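Chain by chain, the residues:
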Amino acid sequence: MKEPEHQYPFLLACQRKPAEYTPIWLMRQAGRYMKEYRALRKKFSFLEMCKKPELAAEVTLQPLQKLNVDAAIIFSDILIPLEPMGVAFEFAKGEGPVFHRPIRGMKDVERLRIIEPEEETSFLMEAIRIVRRELEGKVPLIGFSGAPFTLASYIIEGGHSRNYILTKSMMYQDRPTWNRLMEKLSEVLIRYLDAQIRAGVQAIQVFDSWVGCLSPDDYEEYVLPYSKKVMDALDRSVPMIHFGTSTSALLPLMKKAGGNVIGVDWRVDLDEAWARIGYDVGIQGNLDPVVLFGPVDLIKKEVKRILNQAGGRPGHIFNLGHGILPNTPVEHVSALVEMVHEFSSRKK
Ligand code: CP3
């Protein structure tokens, strides 16, 4: 039976409407902790899996066959739109993404291309259409992108960074280049997310994973206007989740930038975070992914604590504070999903 779209617990929570239980999905719910994923990964590289629509669709659906999660998230990566912009990268073994020609000055920024996502990332749009068909309305599908700051940090640093020295130095010392880079990234992200919405995603998550390295003043001055521009430009009928880590000092500003729901990690208590953000937006989070290594009693205690902090208020989406880690026991992940549903059930 197809449920009408407005009755999905996940979409209800995005709108802060009461649902029969607290919905849950998990960042990186498709990935290396699942043997089905590892089996496919033996045959294909990660980027091949992203770029072949049938494979990306298959991997998107893998966790839904094992876990009662309340949403699917399209299998892709925040770095995908960067390659057609002209910044090539590879995933070096054990190192994460590596950009061999990082962006360091105005000349590099001028070279960046504004992409046509329907053509240049057509594989993603096709994967979205396949997943929507195969889901047959079972759960809603989430699309996503990185936020301008987090993507800028990768292409300036050339990969992951500890202190963001090059990124912040561009921000502080070369304002015209920084502004131009953030403008270009924002423009690409608007087109990229808009194309995903047109292909059929029913919610969007914007990942500003590394924005917690900034002071509130710097966030407001150098980042907020661009994140806001992206979220303001998108179709308001599709709910947006705005996520970052180590953001407890930035929460009111992230809300100002946009999002129907703000995603938080475990470094801040959920009740405190929600009070700080205000109850006129939803909240997503915030179990520490390491808790999933067990034991089950610990998971139970933490689930109860987080649900308690949400206080049964409509608008809480249960999630981890960051992605599921490789080697997480799958049975603990499915136990988590069942616990969240059971402990939050409003059917008495
Ligand atoms: O959540 C999902 O299930 C959807 C898929 C998804 C992936 N990456 C798949 C992936 C999503 C939403 C992302 C987002 C992403 N990618 C972020 C933001 C979220 C976060 O974790 O902060 C970032 C920073 C990236 C960039 C990225 N991609 C890194 C740093 C790495 C390497 C680290 C690692 O875990 O190996 C990736 C690779 C990646 N993206 C994998 C997956 C499943 C692992 C690839 C593999 O199979 O080797």
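Residues numbered from 1 in each chain as written. Predicted model: local features only at pLDDT ≥ 70, side-chain atom pairs only at ≥ 80, totals over all residues. Heavy atoms only, no water.

One simple way to see leftover space: roll a probe sized like a water molecule over the atoms. Taken as a whole, the largest pocket encloses approximately 1,500 Å³ of empty space. The wall of the largest pocket is formed by 45 residues, among which Arg28, Arg32, Phe46, Asp77 and Phe91 lie closest to the centre. Of all the elements in the fold, those that place two or more residues in the lining of the largest pocket are α2 (35-43), α3 (46-51), β2 (89-92) and β3 (96-99). Broken down by element, the residue count for the lining of the largest pocket peaks at four residues, all from α2. Of the residues assigned to the lining of the largest pocket, the class counts are 25 nonpolar, 10 polar and 10 charged. (1 Å grid on protein atoms, 1.4 Å probe; cavity = no way out; pocket = protein on both sides within 12 Å on 5 of 7 lines; lining within 4 Å. Points joined across faces, edges and corners; volume = space filled by probe spheres on them. Helix = DSSP H or I, 4+ residues; strand = E, 2+ residues; numbered from the N terminus. Nonpolar A, V, L, I, M, F, W, Y, C, P; charged D, E, K, R; others polar.)

Attention now moves to empty space enclosed by the protein. Per the counting criterion, the structure on display carries one cavity of 30 Å³ or more. In this model, the largest cavity occupies a volume close to 30 Å³. Together, Trp266, Val268, Asp269, Asn286 and Arg305 line the largest cavity. Looking at the lining of the largest cavity residue by residue, the class counts come to two nonpolar, one polar and two charged.

Turning our attention to the packing of aromatic side chains. Across all of its chains, the model carries 10 aromatic pairs by this definition. Taken together, the aromatic side chains of Tyr37, Phe46, Phe75, Phe89, Phe91 and Phe99 make up a single cluster linked through ring pairs. Across the ring face of phenylalanine 343, the terminal group of lysine 304 is positioned such that the distance to the ring centre comes to 4.7 Å. For arginine 313, the ring lying beneath its charged end belongs to tryptophan 274, and the centroid distance is 5.4 Å. (Phe/Tyr/Trp six-rings, centres within 6.5 Å; stacked < 30°, edge-to-face > 60°. Lys NZ or Arg CZ within 6 Å of the ring centre and 35° of its normal.)

Lining the immediate environment of the ligand, one finds 23 residues, of which Arg28, Arg32, Tyr37, Ser209 and His322 sit closest. Within the side chain of serine 209, a nitrogen or oxygen atom sits 2.6 Å from an oxygen atom of the ligand. Isolated, the ligand exposes 860 Å² of accessible area, and the fraction of that covered by the protein chains is 88%. The site holding the ligand turns out to be the largest pocket. Breaking the shell around the ligand down by element, the ones donating at least two residues are α2 and β3. (Near = heavy atom within 4 Å. Polar contact = N/O pair within 3.5 Å; in protein donor to acceptor, adjacent residues only side chain to side chain. Areas by Shrake-Rupley, 256 points an atom, 1.4 Å probe, with all protein chains shown as cover. Sits in = over half its atoms within 2 Å of the grid points.)

The next thing to look at is the side chain of serine 145. Positionally, serine 145 belongs in strand β4 (residues 141-146). By relative accessible area, which is 1% here, serine 145 ends up buried. In contact with serine 145, other than residues within four places in its own chain, are Ile78, Leu189, Tyr192, Leu193, Gln205, Val206 and Phe207. (Buried < 20%, exposed > 50% of the residue type's maximum accessible area, 1.4 Å probe, protein only. Contact = heavy atoms within 4.5 Å.)

So, about the side chain of serine 161. With respect to the secondary-structure elements, serine 161 resides in the loop between α9 (148-157) and α10 (165-173). Assessed through its relative accessible area of 14%, serine 161 is described here as buried. A polar atom in the side chain of serine 161 sits 3.5 Å from the backbone nitrogen of asparagine 163. Looking at serine 161, its side chain comes within polar contact range of the main-chain nitrogen of tyrosine 164, at 2.9 Å.

A cluster of basic residues, Arg28, Arg32, Arg41 and Lys93, forms a positive patch at the surface. Summarising the element assignment, arginine 32 is placed in the loop between α1 (9-14) and α2. (Patch = residues over 30% accessible without salt bridge, like charges linked within 9 Å, V, L, I, M, F, W, Y side chains within 5 Å. Salt bridge = Lys/Arg side-chain N within 4 Å of Asp/Glu carboxyl O. Lys, Arg positive; Asp, Glu negative; His and termini not counted. Charge placed at Lys NZ, Arg CZ, Asp CG, Glu CD.)

Time to look at the pairing of strand β9 (residues 316-320). β9 sits mainly inside the fold: five of its five residues count as buried. Residues His316, Phe318 and Leu320 point to one face of β9 and Ile317 and Asn319 to the other, with burial holding for every one of them. In this structure, strand β8 (residues 282-287) lies alongside β9, joined through five bridges in parallel fashion. In the sheet register, asparagine 286 faces β9, and the bridge partner there is asparagine 319. Handedness of the β-α-β unit built from β8, helix α15 (residues 296-310) and β9 comes out right-handed. (Pairing = 2+ DSSP bridges. Right-handed = clockwise from strand over helix to strand, strands pointing away.)

None of this, on its own, says anything about what the molecule does.
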